[in-house]
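# Tertiary structure, described
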Amino acid sequence: MDDIRHVIMDETGIRRALTRIAHEILEKNKGIDGCVFAGIRTRGVYLARRVAERVAEIEGKPVLAFDLDITSYRDDRDGAGQAEAPACAGIDPAEIRDKHVILFDDVLFTGRTIRAAMDAIMDVGRPRSIQLAVLVDRGHRELPIRPDYVGKNVPTARSESIGVSLKEVDGSDMVAIYGSGRRTR
């Protein structure tokens, strides 16, 4: 069993963080017009959808939130850099062109996942800007990537990992620090 060292956020903490991120996105972009959300599979998809729901409640209008599969763009997998399947299946390039694309991911660590996501977005269309929203920023960047919206900054040791559980995937909402032995994120 995984060794939970410390629970950082519970369901209430996650809800508050996502609500704050929704308000920050609206403030920075002066509303939601011209914005689309891209959730990096798997948990980033659900975070993007949750924030899209909050934005719709606040603004009274929906925002497009789509799934982004960056598997074929990863530089740590065989066939890296060769996109075989569309990263944004079913997304018309016109839905991205000249828009502010807000990427969502659960944990920002080295920055390599985000770099792959930006490559995938650029292959689909030319956005006006790409912004980044993460639930947890744990540091240890290997690339010069900085989030625009952060739920919580959590300095960690490299031997630790952050685990994000979401109801849609795991049955409950929680963010925890784990000891060694768990897949590092």
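Read on for an overview of the structure. (Residues numbered from 1 in each chain as written. Predicted model: local features only at pLDDT ≥ 70, side-chain atom pairs only at ≥ 80, totals over all residues. Heavy atoms only, no water.)

### Structural notes on the overall build of the chain
Defined as follows: Numbered from the N terminus, helices here are DSSP runs of H or I no shorter than four residues, and strands are runs of E no shorter than two. Relative accessibility under 20% of the residue-type maximum defines a buried residue, over 50% an exposed one, and the middle range a partly exposed one, all with a 1.4 Å probe and only protein chains included. By definition in these notes, contact holds between two residues if any of their heavy atoms fall within 4.5 Å. Only the protein chains shown count as cover for residues, and all accessible areas are computed by the Shrake-Rupley method using a 1.4 Å probe.
When helices and strands are counted, the chain shows 4 helices and 8 strands. For the chain, the sequential pattern of α-helices and β-strands runs β-α-β-α-β-β-α-β-β-β-α-β. Evaluated residue by residue, the chain yields a buried proportion of 48% over its 185 residues. The contacts of the chain with a sequence gap of at least 6 include a subset with a gap of at least 24, amounting to 67%. Carbon together with sulfur atoms contributes 45% to the accessible area of the chain, which is approximately 9,200 Å² in total.

### Observations concerning the environment of Val164
Relative to the helices and strands, Val164 resides in strand β7 (residues 161-165). In sequence terms Val164 and Val175 are 11 residues apart; their C-alpha atoms lie 4.5 Å from each other.

### What about the pattern of salt bridges?
Our working rule: By definition here, a salt bridge exists when the distance from a side-chain nitrogen of Lys or Arg to a carboxyl oxygen of Asp or Glu is within 4 Å.
Overall, the coordinates contain 17 salt bridges when judged by the stated rule. Salt-bridge contacts for Arg115 lead to Asp75; the nearest nitrogen and oxygen are separated by 3.9 Å. Of this pair, Arg115 sits in helix α3 (residues 112-124) while Asp75 is found in the loop between β3 (65-68) and β4 (100-108), placing the two residues 40 residues apart along the sequence. By relative accessible area, which is 36% here, Asp75 ends up partly exposed. Between Asp98 and Arg128 there is a salt bridge whose closest N-O contact spans 2.8 Å. With Asp98 in the loop between β3 and β4 and Arg128 in the loop between α3 and β5 (129-137), the pair connects residues that are 30 residues apart, well separated along the chain. Ionic contacts of the salt-bridge type, sharing partners, join the residues Asp75, Arg112, Arg115, Asp119, Glu142 and Arg158 into one network.

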